[in-house]
Amino acid sequence: MSPSISAAQLQALQDSLLNSSGNVPLHDRFRSLFTLKSLKNEDAIKIISKGFQDPSALLKHELAYCLGQIKNTSALPVLESVLRNPSEDPMVRHEAAEAMGAISASHSIPILKEYLSDPDRSVRETCEIAIAKIEWDKTEEGAKNDETLKNETHIPLYTSIDPAPATSGLLAGAPRPGDVSQTDIDELRDQLLDKKRSLFERYRAMFALRNIGSPAAVDALAAGFSDDSALFKHEIAFVFGQLLSPHSVPCLVQILQNGSESDMVRHEAAEALGGIATPEVLPHLKEWVEREDAPVVVRESCQVALDMWEYENSGDFQYANGLETPEAITVA
Ligand SMILES: [Fe+2]
Ligand SMILES: [Fe+2]
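Computed from a predicted model, the values in this text were never measured in an experiment.

What's the story with the overall build of the protein chain in this structure? I'm lost.
Counting its secondary structure elements, the protein chain contains 17 helices and zero strands. Whereas a compact globule of 332 residues would reach a radius of gyration of roughly 20 Å, the protein chain reaches 19 Å, a difference of no more than 12%. Taken over the C-alpha atoms alone, the protein chain extends approximately 55 × 45 × 45 Å along its principal axes. Every one of the 332 residues in the protein chain was classed for burial, and the buried ones make up 56%. Across the protein chain, contacts joining residues at least 24 apart in sequence account for 69% of those joining residues at least 6 apart. As displayed, the protein chain has an accessible area near 14,200 Å², and 50% of this comes from carbon and sulfur atoms.

Structure, rendered in structure tokens:
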């Protein structure tokens, strides 16, 4: 159920998200975005859609992510126009395609197919995964999974709509780490790293390992950072941002510090570190928020991550502006 909100509050959220005054800090705009996302209604979709005029690729990719998570087909036209815009940042176009996969409308498939040969590798790989997801959602297993998720007695480990479902057998009601053997983890690791498999299948192993969540599963996921696909690596960092395991800190710090790593991967590492929020991550986030050679998206991610770090260490009950539950802190 979405929280109720007055017209004045809605206007204030819009003003904050769109930075109408010109001096709203980026992290406050993010908080407003997560509040809007939690409303899950047409008003929120309209306001979020207005943000695509902004110069910040980081903000815009988050807008696209939130539109996907709201899972309403009324967001499809704006997402399609973002994907179709060749001058838009590839990270934003990637997130638009992924959001189309999250919304899962059959009529998005031909549009996504048009971009399977996009000049940007992350965009075409996202389209490939999104098509496979929409098709999987229509299978018997997909329909059954959807029913489980809708069942009110089912308490999901993670509330996000993932770009791929966990490997069969590890879908809903994920097993506890104690129920999973090292052999199971090794098998999932092999599936994750097997380049002969489709990206969709490899993503399925990734989300299965996330659901297991033990240090051994984190190690298996971290092995994926040796891949040459920025998209694949950024998704592992995203999953680490959901898992919030201190065990993943060393490899995330290494990625943030690596100037030759793709911005998209470093951005996701920074935000994951902000969520994990242990004391040792703070100097790294501070370093990259200040460094002059930091790519804009990395610097802005560190700015948002520092806000997350402070929230996690403050004992505040709510991250978003007054309405959202703490789970919303997972950023894309
Ligand atoms: Fe992404
Ligand atoms: Fe992201």
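Following the structure, the description resumes.
Even after reading the chapter, I still don't get the coordination of the iron ion (ligand 1), so can you show me in this structure?
In ideal tetrahedral geometry, four donors around a metal make angles of 109.5 degrees, whereas ideal octahedral geometry with six donors gives angles of 90 or 180 degrees. For the iron ion (ligand 1), the full set of protein donor atoms is H94 (NE2), E95 (OE) and H234 (NE2), and the range of their distances to it is 2.2 to 2.4 Å. A spacing of 4.1 Å is found between the iron ion (ligand 1) and the iron ion (ligand 2). Of the two residues, H94 and E95, neither departs from the other in class, the shared state being buried.

Looking at this structure, I do not really get the UniProt feature "binding site: Fe cation 2" (unreviewed entry) in the protein chain. What am I missing?
The positions UniProt marks with the feature "binding site: Fe cation 2" (unreviewed entry) are H234, E235, H267 and E268. In summary, the annotated positions, though distributed over 35 residues, converge in three dimensions, the widest C-alpha pair being only 11.0 Å. Classification of H234 by relative accessible area gives buried; the value is 2%. Leave out the neighbours within four places in its chain, and H234 touches H94, E95, M264, V265 and E268. Looking at H234, its side chain comes within polar contact range of the side chain of H94, at 3.2 Å. On the accessibility criterion, H267 (0% relative accessible area) is buried.

Would you mind going over the packing of aromatic side chains with me for this structure?
In this description, a pair of aromatic rings is defined by centroid distance and the angle of the planes. Considering all chains together, one arrives at five aromatic pairs under this definition. The interplanar angle of 65 degrees and the centroid separation of 6.0 Å between the aromatic rings of Y65 and F238 together place this pair among those described as edge-to-face. Remark: F238 occurs in helix 13 (residues 230-243) and Y65 occurs in helix 4 (residues 57-70); sequence separation between them is 173 residues. A single burial state applies to Y65 and to F238, both of which are buried. Relative to F232, the ring of Y203 has its centre 6.3 Å away and its plane inclined at 50 degrees; by these criteria the two rings are tilted. Within this pair, whereas Y203 is found in helix 11 (residues 199-212), its partner F232 is found in helix 13, the two being separated by 29 residues in sequence. In this pair, the class of Y203 matches that of F232, namely buried. Grouped by ring-pair contacts, the aromatic residues Y203, F207 and F232 constitute a single cluster. The ring of F232 has R202 sitting right over it, with the charged end atom 4.2 Å from the ring centre.

I would appreciate a short explanation of the pattern of salt bridges in the present structure.
Where charged atoms from two side chains of opposite charge come close, those side chains can pair. Under the criterion given, the structure shown has 18 salt bridges. The residue R31 makes a salt bridge to D307 at a minimum N-O spacing of 2.9 Å. Here D307 lies in helix 17 (residues 296-312) and R31 lies in helix 2 (residues 26-39), a separation of 276 residues in the sequence. What makes R31 buried here is its relative accessible area of 13%.

Please clarify how the environment of S106 should be interpreted in this entry.
Looking at the element boundaries, S106 is found in the loop between helix 6 (90-103) and helix 7 (109-114). Placed 28 residues apart in sequence, S106 and I134 show a C-alpha to C-alpha distance of 6.8 Å. Among all residues touching S106, those that are not within four sequence positions of it are I134 and K138.

Explain the packing of helix 6 against helix 8 (residues 121-137) here, please?
Describing two packed helices takes the angle between their axes plus the distance from one axis to the other. Relative to each other, helix 6 and helix 8 sit at 5 degrees, their axes nearing to 8 Å. When the axes of helix 6 and helix 8 are compared, the pair comes out roughly parallel. For the pair helix 6 and helix 8, contact is made by P90, R93, H94, A97, E98, M100, G101 and A102 and by S122, V123, T126, C127, A130, K133, I134 and D137, respectively.

What is the right way to read the side chain of E80 from this model?
Note on placement: E80 falls in helix 5 (residues 76-84). Notably, E80 is buried but unbridged: the nearest opposite-charge side chain belongs to R84, and the N-O separation is 5.4 Å. In this view, E80 contacts M100 and I111; residues no more than four positions away in its chain are not counted.

When you look at the domain arrangement of the protein chain in this model, what are you seeing that I'm missing?
As a measure of interface size, the accessible area lost when the parts come together is often cited. Partitioning the protein chain into domains gives domain 1 (7-137) and domain 2 (161-329). The gap between the C-alpha centroids of domain 1 and domain 2 is 20 Å. Of the residues lining the interface, 34 residues belong to domain 1; the matching set on domain 2 comes to 34 residues. Between domain 1 and domain 2 lies a buried interface of about 2,900 Å² when both sides are counted; carbon and sulfur atoms form 62% of it. On the domain 1 side of the interface with domain 2, the three residues burying the most area are R31, I129 and W136, jointly 23% of the side's total. Summed over the shared surface of domain 1 and domain 2, the number is two salt bridges. Breaking the side of domain 1 that touches domain 2 down by element, the ones donating at least two residues are helix 1 (7-17), helix 2, helix 4, helix 6 and helix 8.

Rules behind the numbers
- Residues numbered from 1 in each chain as written.
- Chains lettered and ligands numbered in written order.
- Predicted model: local features only at pLDDT ≥ 70, side-chain atom pairs only at ≥ 80, totals over all residues.
- Heavy atoms only, no water.
- Helix = DSSP H or I, 4+ residues; strand = E, 2+ residues; numbered from the N terminus.
- Rg over C-alpha atoms; globule rule 2.2 N^0.38 Å.
- Buried < 20%, exposed > 50% of the residue type's maximum accessible area, 1.4 Å probe, protein only.
- Contact = heavy atoms within 4.5 Å.
- Areas by Shrake-Rupley, 256 points an atom, 1.4 Å probe, with all protein chains shown as cover.
- Donors = N, O, S within 2.8 Å, 3.2 Å for Na, K, Ca; no water.
- UniProt positions renumbered as here; feature names shortened; annotations may be inferred.
- Polar contact = N/O pair within 3.5 Å; in protein donor to acceptor, adjacent residues only side chain to side chain.
- Phe/Tyr/Trp six-rings, centres within 6.5 Å; stacked < 30°, edge-to-face > 60°.
- Lys NZ or Arg CZ within 6 Å of the ring centre and 35° of its normal.
- Salt bridge = Lys/Arg side-chain N within 4 Å of Asp/Glu carboxyl O.
- Axes fitted to C-alpha atoms, helices over the stretch in contact; angles between N-to-C directions.
- Parallel < 35°, antiparallel > 145°, perpendicular 65-115°, else oblique.
- Lys, Arg positive; Asp, Glu negative; His and termini not counted.
- Domains from an automatic or database assignment.
- Buried area = accessible area lost by both parts, 1.4 Å probe.

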